[in-house]
Amino acid sequence: MTGKDIFLAIDWGGTFLKIGIFRNSRLWLRENIHSRSLSSPAGFYPYFKNILSGFAQKHKFSLGRIKSAGIGIPGMLDINKGLIYYLPNIKGWKNYKFRQNFEKNLGMPVFIDNDANMAALAELKFGRAKGVNTAICLTLGTGIGFGLIIGGRVYRGCRASAAEGGHLPIDFNAGKCGCGSYGCAEVFLGSKGFLAKVKSEMQVRKTVLKKEPVLTPYKIYEAARHRDKFALDMWEYFGRILGIYLSGLVNIFNPEKIILGGGLSGAYNFFIDPLRKTLQQRAMFPLYRQVKISRAYFAEDAGLYGAYALAKNGYENI
Ligand SMILES: [Zn+2]
């Protein structure tokens, strides 16, 4: 086959950077590398070129066949300028002209976007938001990845940094958030905040979790699966506060769908009932009746599939 029929997709996370090569609309080749190894632009391109050359050699294709690249970046961007303002968890990229440098070094067009938008784009193009006009996509992990679909397109605001919904303040008395503000939704709903709450509550309760040397959301999920009353209560609490948060968003956006992904969504069955109940109590009638809640289609690779859709379609035709 000749011509440019291959796309490069990159999902840049705080811990791992995932690289995917898509051919015939499928994820063909992939590799995960530690984001630490890419802490500065100087090291980024040689490392990257190496990986791409390795792929090309092993699988016998020419790098010239890559039509374009799409990349989800975990930070503040200006997509019009192709600029990274900063990455909260990775130093060394402040005010960096990413697009220009990437294109110069790797010789292919690149489209950049916020990483949470990529998860929403993946659901819109290939997952549970297909054909949906208005949807909210949450990735529940260390933080809250937030993507908004309005008018059947990912909403980016004026420069791609819109929809930082994890940093919607929901408690004006509460503690400091990683973003520098106070009482953001992420302080309560991010796994760190949730774990802190569980640790403090378990002091005065009976639970198998007390035996765990390191507490993780997965351990709390496992305990709930074994009907540990305390663990079940904590997921109920999580569903309730997620419901309170979502009720505000439902009132604003009147979405058709809310799609929940990310690590904590693994406990969906333990928190969905209290979430629905709270939404019914807190969101306005009839908005809560019009919204369907579902788990995300993508468990692991939302970022890669979103970046692929971005590489293929650019910003305009999505
Ligand atoms: Zn915040």
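Residues numbered from 1 in each chain as written. Predicted model: local features only at pLDDT ≥ 70, side-chain atom pairs only at ≥ 80, totals over all residues. Heavy atoms only, no water.

A. How the structure looks around the nonpolar core. Formed by 62 residues in total, the largest nonpolar core has its most connected members in Leu8, Trp12, Phe44, Phe98 and Phe102. Counting contributing residues per domain, this core is built from domain 1 (6-118 + 302-313) and domain 2 (131-295), each supplying no fewer than three. With sequence-adjacent residues up to four places away left out, phenylalanine 98 is seen in contact with Trp12, Phe44, Tyr45, Ile71, Ile73, Gly82, Leu83, Ile84, Trp93, Val110 and Ile112. Residues Leu209, Ala231, Ile241 and Leu260 belong to the second largest nonpolar core, which totals 45 residues. (Core = buried A, V, L, I, M, F, W, Y, C linked by side-chain atoms within 4.5 Å. Buried < 20%, exposed > 50% of the residue type's maximum accessible area, 1.4 Å probe, protein only. Domains from an automatic or database assignment. Contact = heavy atoms within 4.5 Å.)

B. Quick look at the pairing of strand β3 (residues 26-34). In this structure, strand β2 (residues 16-23) lies alongside β3, joined through eight bridges in antiparallel fashion. Note that in β3 the partner of isoleucine 21 across the bridge is leucine 29. A loop of two residues connects β2 with β3, the two strands running antiparallel in sequence, and asparagine 24 in this loop sits at a positive phi of about 50 degrees. (Pairing = 2+ DSSP bridges. Helix = DSSP H or I, 4+ residues; strand = E, 2+ residues; numbered from the N terminus.)

C. A look at the environment of lysine 94. You can see lysine 94 is positioned in the loop between β6 (83-86) and β7 (96-97). In the structure, lysine 94 is positioned eleven residues away from leucine 83 in sequence and 9.2 Å away in space, judged by C-alpha atoms. Those residues in contact with lysine 94, other than ones at most four positions away along the chain, are Ile84, Tyr85 and Tyr86.

D. Quick peek at the sheet that holds strand β12 (residues 257-261). Ordered in space as β11-β10-β9-β12-β13, the five strands form an open sheet in which the pairing is mixed. Pairing within the sheet leaves two strands with one partner each, and these edge strands are β11 (153-154) and β13 (292-295). The strands that helix α7 (residues 229-253) touches are β9 (135-140), β10 (144-150) and β12; relative to β9, the one it contacts most, it runs at about 150 degrees. Sheet strands in contact with helix α8 (residues 268-282) are β9, β12 and β13, and its direction is about 165 degrees off that of β13. (Axes fitted to C-alpha atoms, helices over the stretch in contact; angles between N-to-C directions.)

E. Local environment of the packing of aromatic side chains. Under the criterion given, the structure shown has 31 aromatic pairs. Between tryptophan 28 and phenylalanine 61, the ring centres sit 5.3 Å apart and the planes meet at 50 degrees, which makes this aromatic pair tilted. Separated by 33 residues along the polypeptide, tryptophan 28 in strand β3 and phenylalanine 61 in the loop between α1 (41-59) and β4 (66-73) bring together distant segments of the chain. Take tryptophan 28: its relative accessible area is 27%, and that puts it in the partly exposed class. (Phe/Tyr/Trp six-rings, centres within 6.5 Å; stacked < 30°, edge-to-face > 60°.)

F. A look at the domain arrangement of the protein. Annotation of the protein at the domain level lists domain 1 (6-118 + 302-313) and domain 2 (131-295). Using only C-alpha atoms to locate each centre, domain 1 and domain 2 end up separated by 29 Å. Contacts between the two partners involve eleven residues from domain 1 and, on the opposite side, eleven residues from domain 2. In terms of surface lost to domain 2, no three residues of domain 1 exceed Met76, Ala116 and Asn117, which account for 45% of the buried area on that side. Our count for the contact surface shared by domain 1 and domain 2 stands at one salt bridge. Arginine 156 is paired through a salt bridge with aspartate 113; the nearest N and O atoms lie 2.6 Å apart. Counting every contact that joins domain 1 to domain 2 gives two residue pairs in polar contact (both at pLDDT 80 or more). (Buried area = accessible area lost by both parts, 1.4 Å probe. Salt bridge = Lys/Arg side-chain N within 4 Å of Asp/Glu carboxyl O. Polar contact = N/O pair within 3.5 Å; in protein donor to acceptor, adjacent residues only side chain to side chain.)

G. Expanded view of the sheet that holds β7. The strand order β5-β6-β7 describes an open sheet built from three strands, whose pairing is antiparallel. Only two strands of the sheet have a single partner each, and these edge strands are β5 (76-78) and β7.

H. Representation of the packing of helix α6 (residues 217-225) against α7. Where α6 meets α7, the closest approach of the two axes is 7 Å, and the angle between their N-to-C directions is 120 degrees. One finds that α6 runs oblique with respect to α7. Judged by the sense of rotation from one axis to the other, the crossing of α6 with α7 is left-handed. Contact residues: Pro217, Ile220, Tyr221, Ala223 and Ala224 in α6; Ala231, Leu232 and Trp235 in α7. Residues belonging to the contact of α6 with α7 are distributed by class as follows: eight nonpolar, no polar and no charged. (Parallel < 35°, antiparallel > 145°, perpendicular 65-115°, else oblique. Left-handed = near helix turned anticlockwise from the far one by under 90°. Nonpolar A, V, L, I, M, F, W, Y, C, P; charged D, E, K, R; others polar.)

I. Highlighting the coordination of the zinc ion. Around the zinc ion, the protein supplies His167 (ND1), Cys177 (SG), Cys179 (SG) and Cys184 (SG) as donor atoms, at distances of 2.0 to 2.4 Å. The site at the zinc ion holds four donor atoms, and with the angles between them running 101 to 121 degrees, its shape is tetrahedral. Along the chain, the residues that donate to the zinc ion are spaced as H-x9-C-x1-C-x4-C. (Donors = N, O, S within 2.8 Å, 3.2 Å for Na, K, Ca; no water. Tetrahedral: all angles 85-135°; square planar, octahedral: opposite > 155°, others 65-115°.)

J. Highlighting unusual backbone geometry. Cis geometry is found at the peptide bond from phenylalanine 285 to proline 286, where omega equals 0 degrees. Mapping proline 286 onto the fold places it in the loop between α8 and α9 (287-290). Residue asparagine 24 is not a glycine yet carries a positive backbone phi of 50 degrees. Counting through the fold element by element, asparagine 24 comes out in the loop between β2 and β3. For asparagine 24, a relative accessible area of 52% puts it in the exposed group.

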